Amino acid sequence: MIRIRLLPLIAVACLSVPVVAFAQQQAFTSKNVNLRAGPARDYPLVAQLRPGTPVSVAGCINGYTWCDVSLPDGNRGWVYAQNLNYPYQGNPVPVMSYGSSIGLPIIAFTLGAYWNQNYRNRPWYGQQSHWAHRPHRPRPPVGVRPPPRPHPKPPVVKPGRPHPQPGFGGGNRPPHGARPPGGNRPSGGRPQGGGGRPSNGGITLQPR
């Protein structure tokens, strides 16, 4: 009787393990994103996802730029990792930046095996040879752009001291002992000519 009663409990415990594992791999789209058939924007479009769409992350390619995800409706494809938020330490963080901290596995992409498993009913499934040999241009990882280089400032030209002009002009004081140009100063006598007293016609008056 004890073993019979324990069987339902064991079955419930076994069923709960996949649910917990799925919850640990649960992420959400942060914006409108495209679900692609491979880890590059040139691969065919599988579906378009709205912001907040829950996805199960199976793994990401090296560098955590693209991740392989599954949707609740059964669709599967690749999403650019910068557009995926993952709950980490109570906060949603971008998978591209925190993929290694979260512990998401690194996986490889093989077009033939992946398409055979997921896209047999797609119209581009028969074009595997075209897509397998097509060079793809994956998006570069998002990084911090360096600040713009400052433009060189023009040199500051300071006004020079004025050059002395010939003579004593230009605001310069004459040297010590020099006489100003344009006329000599008398040496101490009375001015000659009309500046003195009249001489009475040249007659000398004698006292009486």
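Above this note sits the structure.
Within each chain, residues carry numbers counting from 1 in the order of the written sequence. Predicted model: local features are reported for residues with pLDDT of at least 70 only, side-chain atom pairs are reported and counted for 80 or more only, and whole-chain, interface and lining totals are derived from all residues. Calculated side-chain values reflect all of the structure's heavy atoms, with hydrogen atoms and water omitted.

This part covers the overall build of the protein. Broken down by element type, the protein carries 4 helices and 8 strands. Only runs of H or I of at least four residues qualify as helices and only runs of E of at least two qualify as strands under DSSP, and these elements are numbered from the N terminus. Walking the protein from its N terminus toward its C terminus, one meets helices and strands in the order α-β-β-β-β-β-β-β-β-α-α-α. Relative accessible area decides the class of each residue, using a 1.4 Å probe on protein chains only: under 20% of the type maximum gives buried, over 50% gives exposed, and in between gives partly exposed. Looking at the protein residue by residue over its 208 residues, the buried ones come to 25%. Contacts are residue-level and defined by heavy atoms, with any inter-residue pair within 4.5 Å sufficient. Long-range pairs, those at least 24 residues apart, make up 52% of the contacts in the protein with a sequence separation of at least 6. For the accessible areas, the method is Shrake-Rupley and the probe is 1.4 Å, while residue cover comes only from the protein chains on display. Of the roughly 16,300 Å² that the protein leaves accessible, carbon and sulfur atoms contribute 56%.

Next up on the list: helix α3 (residues 111-118). Residues Leu111, Tyr114 and Trp115 constitute the buried set of α3. Along the axis of α3, the buried positions cluster into a sector of 95°, meaning they face one direction only. For α3, the elements touching its buried residues are β5 (66-70), β6 (76-80) and α4 (128-132). Within this analysis, the arc is defined by the directions that extend from the helix axis to the C-beta atoms.

What follows deals with the state of the cysteines. Here, a disulfide means two cysteine sulfur atoms that sit within 2.5 Å of each other. Considering all chains together, one arrives at 1 disulfide under this definition. Between cysteine 60 and cysteine 67 runs a disulfide, and the two sulfur atoms are separated by 2.0 Å. Residues cysteine 60 and cysteine 67 share a disulfide whose torsion about the S-S bond is about 90°; that sign makes it right-handed. Pair check on accessibility: cysteine 60 and cysteine 67 agree, each one buried.

Time to look at the packing of aromatic side chains. Aromatic contacts are taken between Phe, Tyr and Trp rings whose centres are within 6.5 Å, Trp giving its six-membered ring; a plane angle under 30 degrees counts as stacked, one over 60 as edge-to-face, and the others as tilted. Taken as a whole, this structure holds 11 aromatic pairs when the rule is applied. When the centroid spacing of 6.1 Å and the interplanar angle of 80° are considered together, the rings of tryptophan 115 and tyrosine 119 count as edge-to-face. With respect to burial, tryptophan 115 and tyrosine 119 carry one shared label: buried.

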